Every structure is written in structure tokens, then in C-alpha cells.
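Given next are the chains, with one letter for each unit.
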Amino acid sequence: MREEIKPSEILEVLKSRISGFAPETTEVETGRVLQAGDGIAQVWGLDSILMGELVEIDLESGAVVNGMVMNLEEETVGVILFSDYAQVREGNRVRRTRKVAQVPVGESLLGRVVDPLGNPIDGLGPVEAAQWNRVEVKGPGIIDRRNVDEPMQTGLKAIDAMIPIGRGQRELIIGDRRTGKTTIAIDTIINQKNSSDEDRVYCFYVAIGQKRSSVVQLIETLRRHGVLQYTTIVAATASDPASLQYLAPYAATAMAEYFRDSGRHALVVFDDLTKHSQAYRELSLLMRRSPGREAYPGDIFYLHSRLLERAAKMSEEMGGGSLTALPIVETQEGDVSAYIPTNIISITDGQIFLETNLFNSGLRPAINVGISVSRVGGDAQLKAMKQTAGSLRIDLAQFRELAAFMQFSSDLDEATKNQLGRGERLTEILKQPQYSPIDVFKQIMILKAGTRGRLDKYPTEKLLNYQRELFAHLDGEEAEFMGKLRSRAAFDRDMEKEADALFDRFERKFRPDASASGVDSGFNLNISLAMSQGSSSINRDMLKLVERLTAREFSSPTLESEIEEIITGKDETESDRFERMILSCQFVDYDESPYMEELFKAMVGKFSDTGLDEGELYKRFIAREESSSTALSPFFAIPHIVVDREGVFEMIAVRSKRGIMFNEMMDEVHSMFFLAGSQDQRHFHIVVLSALAKIVQHPRFEKGWLEAADGDGIRELIKGIMGEV
């Protein structure tokens, strides 16, 4: 027996025993929070954890906070926290989940509003997931893709004609704040509602860093236009942690990839990647990563490239599905050379640039065609559109150059004048109100009329009426031709002849000055003059109703004397008529729906003497709102039309305590005076509108209008105000 045991021998025995040790339990690896704050936690003890792995942090209260590993360091790991991060304290236990970030996907997400983790936040119950997809995956390889050759119609003439987007493309929407970037994306979503089931585009909208009220308003817009059932909203609002804002676009892309990989088509809108960059910069600086240009981390380019590379048109072997990306970037003072804009421009397949000056000048959408481009181009465009609008971009560029030169010259030759007139008309027909996408084949026809010079003989202010009546003509008498155009999607010699004959038939019956065309310039004149008394802001808003006023109408001595009589109170006969109308007109309380269209449907049945059926009355009111909204203040609106029947004037007063959404700016209109009158009642128009202008501006009007018990109470309120004014 040995008397002495060497320490080295003991060490060898222990090593051999330890190396062969296999624990019988599978205990989860845990660590401890060393430091926490600002949505970040530094954790010690998770030696085998993976990058991007989800962890669970046990709070002292028994609750659990979820987080994701974002930094792997020598001794610790950096974790970004998704919720309740203010409650995380030093010493809290952290558990591995052995799962990387993933979200539920499937048809059950359509029509829902979820957070970036896939949790529903719309109060409609849990989401039944078809499967779970990882948030971070590599984009498809080159072999799995095919060329982008199938159009993604936006419904916007300026884009579908000159900057076409294809399914599987990445097209950047860039511009300053409040220039209509989101509107273009929403118009594109709305335009998908008419596609067939086999050609359906499933839409995903990512709200990053926006106000919650803005997200709610957007959801209501999609619901009102009937497309919410094909759309998923992924919301990481301004009140959510930066970690959720960072994760949101990746989560939405994972949800959209489910449809792409099953052979269907998806569209994802990132609104916007500027705020996404700022959220990532915040996380990176808190993680002590080295800042670079404009304090962004060095991998900011990789952040967006790995996101946008997941948009693709898949090959037939991979199912033929597509994922189209519309990233949005906000610039400052139109500076597209800033760090983030240049990064994303270099990643995407083109950009749609919106310019503040164009927006302020009334051009909507305010697209600068000069620096906007689609690198897919005509490959993703219908042949009929390519044939029609091939020269449109050049024509507009020449027009802008001539218009700039015209500022320094007053003596122009006839050819130059004609070119300027053509450019002005092409610019006019490219205007389009928000949330009103147009079928691509109707776009082709109105653009054909413009590029062929058929609009040159009409005043510019009549062109939107030409377009509206042409579309009605195409839906009615020319439905057979439109069916043929849809099936062929191209013009041959015979189709060109048929199109020319179609325009000839339409123009023989088109009367630009008829009241049926919705022009009613005399009526607009009456509004402007009646409301121009005084200098309040509501009067200035009412003046915006005037589209075009002719010098002949302004200089009419008869009209001037009429206005003078009204202003001085000498026109007692018509004033008495207005008082009698107030006593006898219908007063309606309406709170069934907050939407303008539903209100109009309910009100048109109450008119009795216009000579028009309810459907035609409804169309007239809607057309009038589309040309220029009559919501003149957040409280007051005056929907009005001119009818063809002589001697007619009817008024219906509507009170909505709930409020009616007339447009994006006026969503709580409570007082409405519906008017339907003929042109021969122009003088009475002035009387009525002048009186209403005084009544609605009275200090007691708004409060008294809402507090009146019924129609009789409203009549007494108006009579009392009339006695005072």
C-alpha cells in the first residue's frame, strides 16, 4: 500500500469521472440579469444560447417578460425586451426557450390586427395558426426565382402608366412628410379588391412608430372600402418598445411568405423604414455597438437588404407565387442623398418620389416623374398600356421644360402653345383623389384620349367630367368593347379603329357645360359669393369649393345687383321664402353609420321633387364630393347638387350626434344641409347659402345644434339665430 498519493493522480481520476458524467435530468439552462434598463437587459450565465433565440425572464411578481438575444459577448449576452421592460430588475432569472423568434401564419390572420409577435390586438379573439414561420430566414436563391413579368396594378394612372410595378418587385415610395406616401400604398391595397380569387393578392401593412389613432383610421378606411378581409395589419406603434418596432417588418414578411410559398401572391407595405432604422439605431446604441455615419450602426445596410431580398417572384418549380414589397422612406426637405434613403434606393428595384411642391400645387398624387423610375419597366406592364402610354413620360418631360422656359417668354409660336396645352391636359387627367383607384383598362382609355389629342379641344377644367362620363359610357353602352379589350389586353389595327369609333360616339353626346356633367360652375360661384361675407376661417374654407370661375360670370351686372340686394337685406321676398323653407324642411337625426356613403344612401330617398330616381341622386351627390368635398369645417357640411328640372329647390337638414366621416380631415361632421336645386334657382341658391353662412358661424350654433331635443328645437334655434343676425 502506497503511503503517499500525488495530487496529480487525484486530478486525473476526477477528470476521468467528470468526463463520463451524464446528468439524468434535462434542466433548462438559466442565467441572471446583471443590468436592465431602456428595454435592454445584460444577462450572465447563458453560455450556449443562440443569436436570435427567445428567452423568458421571471419577474418578482410571478409574471414573465419575453425577450430576444441580440448581442453575443464574451461573458454576457444582450437581450432586447418586448414588454413590461420597466419591471425587469437585476437578479431576475432568465430561461432559454431553445426557440428562435417565430410568428403564426395562415389564412386566419387575414382581417386581423396583430403585434409583431403575432398576438391579436383587435379584441376579436385568438388567432388559429396554420403553422409557425421563423421571423428571420434567408431570401430565395437565384435558381428559385424568375423574372418579374406580371403587373401589380396600383389603380393610379401615373404609376401604372409610367412607373409600373410587377409582382415580386421592390418599389420604394419616398418623399417628405405628408406628401401622400401612405395613400399610394393604401390605394394599391384597395385596388386588389376586384381581383379574382385565383389571382388574389393578400396584403400586409406594417405600421412602424405611428400613432395608434392613425392606425385605427387606416383600419376603418380599409374596412369601408371592403378590403380588410384580405389584409393583415402588423402594428408596432410609437408607444411600443423599439424592440417590437425593429421586429415588425420581419414578422410581417414571414406572414406574407406563407402565401408566396403556397403559390399565391402577397403584398407587404413597410410604413416606414425610416422609423425602423431609428428603432434599430436606438437598440444598437443601448447595446454599446459602435456608431457610424449619422450614429447608425455599421450593419444598417444589411438590416434592410436581408429584409427586402425576401421579396421575389418564384419559379414555376417553386409554385409561381410572389411577394411584392413597397417600402416607404421619409425624407427631410426632399434630400434623397441622405444615408438611409440612399441605402434603400440601392437595394430596391426603383423608386416613386413624391415632391412637396407638386403636392402643394394641387397635383395628387404628387409624383415627380423625372426622378421616379421602375427598373422592371415595361416587363411588368400590360401591352395595351405600353402601347398607349409609351410616350407619356417624354411628353410630360417636354411640357415641364417648355413651361419653365415660358416664364421668360410671352411670344410663343402655335406649335409651342399646342404642346403646352397638351402637357397641361395630360397633367390634369393624371390627377386622382385619394382612395379612388381606377381599373387599368379604364385608365388605358382615358390616357388614349389624352395622348391622341382628343382632349385638346376641351377646357382643362372640364377634363375630370370628361373622364367621369367616359367611364360611365364604358360601363354601359361600351361594355362589349371593354370585354374584348380585357381578353386581348392589347390593341391591333381593328381594335384601334373600334376605339376611335367609341370616342366619336361618346363625344357626340358629351356636353361639357351641361349641369348633368357635374360642372355646375354657376352653383360654385354662388357658394363662393354667398360665403365670402366676413373674413372668418370657415369662409376661406368655403371659397376652396370654387373650381373654376369665368370672368363673364363675375362681370354680370345682374348678378352683382342680386348680391348687393342680399347683402344689404333688400331682397325681402327671397328672405321670406328662406324662412318658410326652414319652417317646412325636413330635419333628420341620423346616427346609424359614421360613413358619408351610408348617409347619402339614406337621405336621397327623402327628396321628392327633383325628377331623379334615388340611384341617380346618389351618384350625383357622390360625384360632387369626389370633385371637391363639401365638408367645410369639422362641424358643418353642405352636400349639394344641381338638377335638370326647372323650378326645383329642396333642403334636408341632418344632425349626427355621433359624427360623420366626410374625408380624412373632416371625420366628425355633425351638421349637414343637403341641397338639390336647378340652375334657374341660382338667385335663391345665393340667398340660402348666404343665410346658412351666417347661421353656422353664430357662437350658439354648434352647442345648440347638438343639445336641441328634436327638429322643432332645431327650428327654434335657427329662428332665434336669424333674429339676431
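These numbers come from a predicted model, not from an experiment.

A separate point is the overall build of the protein chain. A count of helical and extended segments in the protein chain gives 26 helices and 22 strands. Put simply, the protein chain has 725 residues, and 53% of those count as buried. Of the contacts formed within the protein chain by residues at least 6 apart in sequence, a portion of 74% connects residues at least 24 apart. Carbon and sulfur atoms make up 49% of the accessible area of the protein chain, which amounts to about 33,500 Å² in all.

Let us now look at the environment of Val206. Relative to the helices and strands, Val206 resides in strand E11 (residues 201-208). In sequence terms Val206 and Pro249 are 43 residues apart; their C-alpha atoms lie 6.2 Å from each other.

Before going further, it helps to spend a moment on the packing of helix H13 (residues 440-451) against helix H15 (residues 479-488). For the pair H13 and H15, the least separation of the axes is 10 Å and the interaxial angle reads 110°. Judged by the inter-axis angle, H13 sits roughly perpendicular to H15. Of H15, the residues touching H13 (which contributes Phe441, Lys442 and Met445) are Phe481, Met482, Leu485 and Arg486. Per-class residue counts for the contact of H13 with H15 are 5 nonpolar, no polar and 2 charged.

The next point concerns the pairing of strand E21 (residues 649-660). In terms of burial, E21 is largely enclosed, as 10 of its 12 residues are buried. Pairing analysis gives 8 bridges linking E21 to strand E22 (residues 669-678), with the strands arranged antiparallel. Across the sheet, residue Ala653 finds its bridge partner in E22, namely Phe673.

For the rest of this paragraph, the subject is the packing of helix H3 (residues 181-191) against helix H4 (residues 212-224). The interhelical angle for the contact between H3 and H4, taken along N-to-C directions, is 30°, at an axis separation of 10 Å. On the basis of the axis angle, H3 is roughly parallel to H4. Viewed along their axes, H3 and H4 form a crossing whose handedness is right-handed. Along its contact with H3, which presents Thr182, Ile186, Ile189 and Ile190, the element H4 presents Leu218, Thr221 and Leu222. Of the residues assigned to the contact of H3 with H4, the class counts are 5 nonpolar, 2 polar and no charged.

Once that is clear, we can look at the sheet that holds strand E6 (residues 93-100). The strand order around the closed barrel formed by 6 strands is E1-E2-E5-E4-E3-E6, and the pairing between neighbours is antiparallel. Between one strand axis and the next, the sheet turns by 45° as a mean value, whatever way the strands run. With 5 bridges joining them, strand E1 (residues 30-37) and strand E2 (residues 40-44) adopt antiparallel strand pairing. Looking at the pairing, Val33 lines up with Val43 of E2.

Time to look at the nonpolar core. Of all hydrophobic cores here, the largest spans 71 residues; its most connected members are Met445 and Tyr466. The dominant element in this core, judged by the number of residues it contributes, is H13, at 7 residues.

Right, let's get into the environment of Lys619. Residue position: Lys619 is located in helix H23 (residues 614-627). On the basis of relative accessible area, Lys619 is assigned to the exposed category, the value being 56%.

The next point concerns the pattern of salt bridges. Scanning all chains against the criterion turns up 44 salt bridges. The partner of Asp475 in a salt bridge is Lys442, and the shortest N-O contact between them spans 2.8 Å. Taken as a pair, Asp475 in helix H14 (residues 463-475) and Lys442 in helix H13 lie far apart in primary sequence, 33 residues in all. Taking the shortest distance from any N to any O, the salt bridge between Arg505 and Glu478 comes out at 3.0 Å. Taken together, the positions of Arg505 in helix H16 (residues 493-509) and Glu478 in the loop between H14 and H15 put the pair 27 residues apart, joining distant regions of the chain. For Arg505, a relative accessible area of 36% gives the class partly exposed. A network of salt bridges, in which partner residues are shared, links Glu56, Asp58, Arg93 and Arg95.

Our next topic: the packing of aromatic side chains. Tallied over the entire structure, the rule returns 19 aromatic pairs. Their ring planes at 90° and their centres at 5.0 Å tell us that Tyr466 and Phe506 sit as a pair that is edge-to-face. Taken as a pair, Tyr466 in helix H14 and Phe506 in helix H16 lie far apart in primary sequence, 40 residues in all. On the basis of relative accessible area, Tyr466 is assigned to the buried category, the value being 0%. Relative accessible area serves as the criterion here: at 1%, Phe506 is assigned to the buried category. Through a chain of ring-to-ring contacts, three or more aromatic side chains come together here, namely Phe635, Phe636, Phe673, Phe701 and Trp705. The ring of Tyr302 has Arg306 sitting right over it, with the charged end atom 4.9 Å from the ring centre. Its guanidinium or amino end placed over the ring of Phe359, Arg364 lies 3.8 Å from that ring's centre, counting from NZ or CZ.

Cut-off values and rules
Residues numbered from 1 in each chain as written. Predicted model: local features only at pLDDT ≥ 70, side-chain atom pairs only at ≥ 80, totals over all residues. Heavy atoms only, no water. Helix = DSSP H or I, 4+ residues; strand = E, 2+ residues; numbered from the N terminus. Buried < 20%, exposed > 50% of the residue type's maximum accessible area, 1.4 Å probe, protein only. Contact = heavy atoms within 4.5 Å. Areas by Shrake-Rupley, 256 points an atom, 1.4 Å probe, with all protein chains shown as cover. Axes fitted to C-alpha atoms, helices over the stretch in contact; angles between N-to-C directions. Parallel < 35°, antiparallel > 145°, perpendicular 65-115°, else oblique. Nonpolar A, V, L, I, M, F, W, Y, C, P; charged D, E, K, R; others polar. Pairing = 2+ DSSP bridges. Left-handed = near helix turned anticlockwise from the far one by under 90°. Core = buried A, V, L, I, M, F, W, Y, C linked by side-chain atoms within 4.5 Å. Salt bridge = Lys/Arg side-chain N within 4 Å of Asp/Glu carboxyl O. Phe/Tyr/Trp six-rings, centres within 6.5 Å; stacked < 30°, edge-to-face > 60°. Lys NZ or Arg CZ within 6 Å of the ring centre and 35° of its normal.

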